[in-house]
Amino acid sequence: MNFDIYTTKSKEAIQSAQQLMTQNHNPQLEQIHLLVALLQQENGLVPQLLKKMDVTVESLQAAAEAELQKLPSISGSVDFDRVNADSSLVSALNAAENQAKTMKDEYVSVEHLFLAMLKQPDKTLKELFKQYGITRESFLQALSTVRGNQ
């Protein structure tokens, strides 16, 4: 992974995901952390696109945060400076970089991160996306209304 090619908003989302992991004392960084971070971004593109898809973002965010609370937590002294990412998150980040290349984008932005999680969701995200009717196709359709033919 080359974080030099990530946009500021993408880097912020990943940092927020790491903060969520630390705050919740979770042993590893997972896709649900990144999803919550993307949903919490102020004036973020992902929540805007989900609204275009008629998804109630507040409800999705609450459901995602509830899933976050179900993750195992560690007590005692833990070195949270060393982030251990779940393999499904690493796969999603790699897929995001490939998605950016496929879309002929120079940088990995938040829509690439979200599309990658839609393409390779872990079990938790797969359920949430199914529950809220979020598909890759509908997200791409909403994205095209923002990006046009870019």
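Owing to the predicted nature of the structure, the values given are computational and were not obtained by experimental measurement. (Residues numbered from 1 in each chain as written. Predicted model: local features only at pLDDT ≥ 70, side-chain atom pairs only at ≥ 80, totals over all residues. Heavy atoms only, no water.)

Draft legend 1. Representation of the nonpolar core. Among the nonpolar cores identified, the biggest contains 48 residues, and Ile32, Leu34, Leu35, Leu38, Leu50, Phe114 and Ile134 are the most heavily contacted of them. Of all the elements in the fold, those that place two or more residues in this core are α1 (8-23), α2 (31-40), α3 (45-52), α4 (57-69), α5 (87-102), α6 (110-119), α7 (123-131) and α8 (136-147). Beyond its immediate sequence surroundings of up to four residues, Leu38 is in contact with Ala13, Val46, Pro47, Val110, Leu113, Phe114 and Met117. (Core = buried A, V, L, I, M, F, W, Y, C linked by side-chain atoms within 4.5 Å. Buried < 20%, exposed > 50% of the residue type's maximum accessible area, 1.4 Å probe, protein only. Helix = DSSP H or I, 4+ residues; strand = E, 2+ residues; numbered from the N terminus. Contact = heavy atoms within 4.5 Å.)

Draft legend 2. Seen up close, the packing of α3 against α4. Relative to each other, α3 and α4 sit at 120°, their axes nearing to 10 Å. Taken together, the axes of α3 and α4 lie oblique to each other. Contacts from Pro47, Leu50 and Lys51 of α3 reach α4 at Val57, Glu58 and Leu60. In terms of residue class, the contact of α3 with α4 is built from four nonpolar, no polar and two charged. (Axes fitted to C-alpha atoms, helices over the stretch in contact; angles between N-to-C directions. Parallel < 35°, antiparallel > 145°, perpendicular 65-115°, else oblique. Nonpolar A, V, L, I, M, F, W, Y, C, P; charged D, E, K, R; others polar.)

Draft legend 3. Region of the structure containing the pattern of salt bridges. Counting across every chain of the model gives two salt bridges. Ionic pairing is found between Lys9 and Glu12, a salt bridge with its closest N-O pair at 3.9 Å. Taken as a pair, Lys9 and Glu12 lie in helix α1 at a separation of three residues, close to a single helical turn. The class for Lys9 is partly exposed, based on a relative accessible area of 37%. Taking the shortest distance from any N to any O, the salt bridge between Glu67 and Lys70 comes out at 3.1 Å. (Salt bridge = Lys/Arg side-chain N within 4 Å of Asp/Glu carboxyl O.)

Geometry only, nothing functional implied.
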